[in-house]
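# Tertiary structure, described
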Amino acid sequence: MATLTVLLALLLFQFPSPGKPGLDPSWEMVLVYAHRHALQFGRDIAFTYGPYGFLTSRFYYDGVPLVKILWESTGKLVLAATLVAMAASNFSSWFRFGLFYLGLILAAKISSDIVIFLCTPLLALCWLLPPKSKSWQVAVALTWMAFLAQVRFNYFIQALVAIGLVIPSLLLERKSKKLLVIVSSFTAGFVFLWLVAGQAINDLPAYFRSSWEISNGYLAAMAVNRVPITTWGIAAGICLLVVAFILSRLRSQNLRAEKWILLYFCCAWYFIWKYGVTRADTGHIVLFFPTAFVFCAAAPGLFKRRHWWSFLDASLILSLAGLWLFNSGFLRHTPLELAQRLHAVPGELFRPKRQAQRFAAAEAAMEKAHPSKNLGAIVGGETIDVINFDQYFVLREHLNYWPRPVFQSYSAYTPALLKQNLRFYQSSSAPQFVFARLQSVDWRFPAQDDSLLLEELPRRYSITKEANDFLLLHRKPVQPTGGLLREKFPMRHVSFGQEIELPETVNCAVELRAIFRPSIYGAARAFLVQPAEVSLVLTDGKQGQHTGRLIPEMAAAGFLVQPLLESDKDFADFMAARPGRSVRSIRFEPVSATGNCWSQISIQFSKLPELPFGPATAD
């Protein structure tokens, strides 16, 4: 058992890398910045990760802190020991234990995040919910759940559902003392770790509210479908096997004793299913198959099945088939890569000086490959924010980074989050400078991201530096009072494919609000698999067409459709009130024949007289 623990810990070890440009590296660097500068989650930072989220970051700058090294070495060794002990105490056969451990090895080889994601559901199913669990097992489970709940908000939801099922189960058994111990221990552990992280108690409500808003909006905003139908077929096959296993347990003679475990098992599988298929691209679907492998390998042992095999084991074959279909070389090369990793990791752990030298050399090479923007000469010690993402260019120059709450614009998924960012820029806490780019993700129409803030920028900021790939904005000394004036046109209903002419305006910008109401089928599809995607097609003054993905939740808050904002040059022209590209009409199109997922589309145009716009003469 000790050998297996060390082996798993070595595979979970994650080599920190120096920061670099890009979406994921940037938000991971911001989590490191938030830790180093004691930013308050919920008030200063609104994100799905919590105050300990920086420990899972792969990208650091200015060296790697000691706490990260301790987590990667000692922390993950303890985590591996917990998982091995949990499996040994619950699985009655070496066959079941071996399958489960094989799944952990496979998952850790792909990403340690998979193992961390599965920790709370597995601990709840093995040690928290079973009535015969020992006191030390419950204590260990609650300790890990309280800690992981502050690594990522999704892990908090997993723990909250488990605690929520413990309450009625113990109340019905009249074990109020045990219930009080479990609930108070988890609460006390969570609050203690929150305070240790340097967070304020009075920020907890804001943290819960903003994190829930982002997590809830993620499903509609980040769902994509970019995997082939065969991969979907394999994933659906695994899901059907799990559902069949759940139905078989409903007919079990032990159902009364297992009902709470079975209920949480259903919830845990829903977490795993949505974790893999909500964002169905090659970077995420590869996470689903090893996750399903580990969970399905453990499932029969969770319910103390006497047989050493289960029909659910067929899902393990499907999971391997899914990985093979995704990348056949992945499984072929796994043994060699595991051996190389097991050889390399101990050397890095016991030679920290050599690892530090490698990190410094890689960081210098990255800085050479991506030259500095020389922002410090202008910004000095003043505060600066970044729009949309790529905080790397600000953090590498050690500027006084002062982010808005939802610090990457594409993550402001809902009207409430968009308004939260807007209020920050309307307040006296707004940054003096803004490093701005018009960029987005997933082929979105760029003007949607931080749309309310985007409309507010020309009123409050002016261009200090204009480069090919960014603008540096400076806050105006005199700020406007009140919100942006909107002259609204009547709300009306439209349909997919209908060409909608923009209203006549007198040289000013135009905002569009679009409200998409899902049908019953569309709501069910979004809950069980994915929400339907919608495209926006804009026709410009030269009859050219511009297509971008539309996020319904964000579109409901309103965004600019006049002038056309599609590039950094468009954005610069808009900020400087220069003539830009005009839009004559728009239309909405469903993606992949999903028009039946929507029951109604309502739109409203608004003139923005405070934002002047003159069409380019070429139009």
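Right above here is the structure, for reference.
Throughout what follows, the structure given in this document is the object of discussion. (Residues numbered from 1 in each chain as written. Predicted model: local features only at pLDDT ≥ 70, side-chain atom pairs only at ≥ 80, totals over all residues. Heavy atoms only, no water.)

### Observations regarding the layout of surface pockets
A water-sized probe rolled over the atoms picks out the places where empty space is left. Convention followed: Only protein atoms enter the 1 Å grid used here. Points where a 1.4 Å probe fits but cannot escape make up a cavity, open sets with protein on both sides within 12 Å along at least five of seven lines make up a pocket, and a residue lines them when an atom lies within 4 Å of a point. Grid points are joined across faces, edges and corners, and a volume is the space filled by probe spheres set on the points. Only DSSP runs of H or I covering at least 4 residues are called helices, and only runs of E covering at least 2 are called strands; the numbering of each starts at the N terminus. Three classes are used, and their members are as follows: Ala, Val, Leu, Ile, Met, Phe, Trp, Tyr, Cys and Pro are nonpolar, Asp, Glu, Lys and Arg are charged, and the others, Gly among them, are polar.
Its boundaries defined by the atoms lining it, the largest pocket holds a volume of some 1,300 Å³. Together, 39 residues line the largest pocket, and Arg152, Asn154, Tyr218, Tyr275 and His284 are the ones closest to its centre. Listed by contribution, the elements that provide at least two residues to the lining of the largest pocket are α2 (23-36), α5 (112-128), α7 (153-172), α9 (204-222), α11 (255-277) and α12 (282-302). No other element matches α9, which puts seven residues into the lining of the largest pocket. Its residues assigned to classes, the lining of the largest pocket shows 18 nonpolar, 13 polar and eight charged. Counted as a void, the second largest pocket has a volume near 540 Å³. Lining the second largest pocket are 26 residues; nearest its centre among them are Ala220, Pro518, Ala526, Pro531 and Glu553. Among the elements of the structure, α9, β13 (508-518), α20 (520-528), β15 (545-550) and α21 (552-555) are those that each provide at least two residues to the lining of the second largest pocket. Partitioned by chemical class, the residues of the lining of the second largest pocket number 18 nonpolar, four polar and four charged.

### Considerations on the sheet that holds strand β8 (residues 461-466)
Which entries qualify depends on this criterion: For two strands to pair, DSSP has to find at least two bridges joining them. Contact between two residues is taken to exist if any of their heavy atoms lie within 4.5 Å; hydrogens are not considered. Between the N-to-C directions of two axes lies an angle of 0 to 180 degrees, each axis being a line fitted to C-alpha atoms and, for a helix, fitted only over the stretch in contact.
Sheet architecture is open: five strands sit in the order β6-β5-β7-β9-β8, paired in mixed fashion. Every other strand in the sheet has two partners, leaving β6 (400-401) and β8 as the edge strands with one partner each. Direction of pairing for β8 relative to strand β9 (residues 471-475): antiparallel, over a ladder of five bridges. In the sheet register, Glu466 faces β9, and the bridge partner there is Leu471. Along the sheet face, helix α19 (residues 451-460) touches β5 (383-387), β8 and β9 and points at about 85 degrees away from the line of β8.

### Looking at the sheet that holds strand β14 (residues 534-540)
Ordered by their spatial adjacency, four strands build an open sheet running β12-β17-β14-β15, and the pairing between neighbours is antiparallel. Single-partner strands in this sheet number two, and they are β12 (500-501) and β15. Where β12 and strand β17 (residues 583-590) come together, two bridges link them in antiparallel fashion. Looking across to β17, one finds that Ile500 is bridged to Ile586.

### With respect to the packing of aromatic side chains
In plain terms, the rule: Planes of paired rings set the category: under 30 degrees apart is stacked, over 60 is edge-to-face and the rest tilted, where pairs are Phe, Tyr or Trp rings (Trp by its six-membered ring) whose centres lie within 6.5 Å. Partly exposed describes any residue whose relative accessible area lies between the buried limit of under 20% and the exposed limit of over 50%, with all areas from a 1.4 Å probe on protein chains only and scaled to the type maximum. Two conditions define a charge located above a ring, namely a distance within 6 Å from the ring centre to NZ of Lys or CZ of Arg, and an angle within 35 degrees of the ring normal.
Under the defined criterion, the tally for this structure stands at 46 aromatic pairs. For the pair Phe156 and Phe208, a centre-to-centre distance of 5.1 Å together with 15 degrees between the ring planes defines the contact as stacked. Separated by 52 residues along the polypeptide, Phe156 in helix α7 and Phe208 in helix α9 bring together distant segments of the chain. When its relative accessible area of 9% is taken as the criterion, Phe156 is described as buried. Pairwise contacts between aromatic rings join Phe245, Phe265, Trp269, Trp273, Phe288, Phe289, Phe295, Phe303 and Phe311 into one cluster. Directly above the ring of Tyr61 sits Arg36, whose terminal nitrogen or CZ lies 4.7 Å from the centroid.

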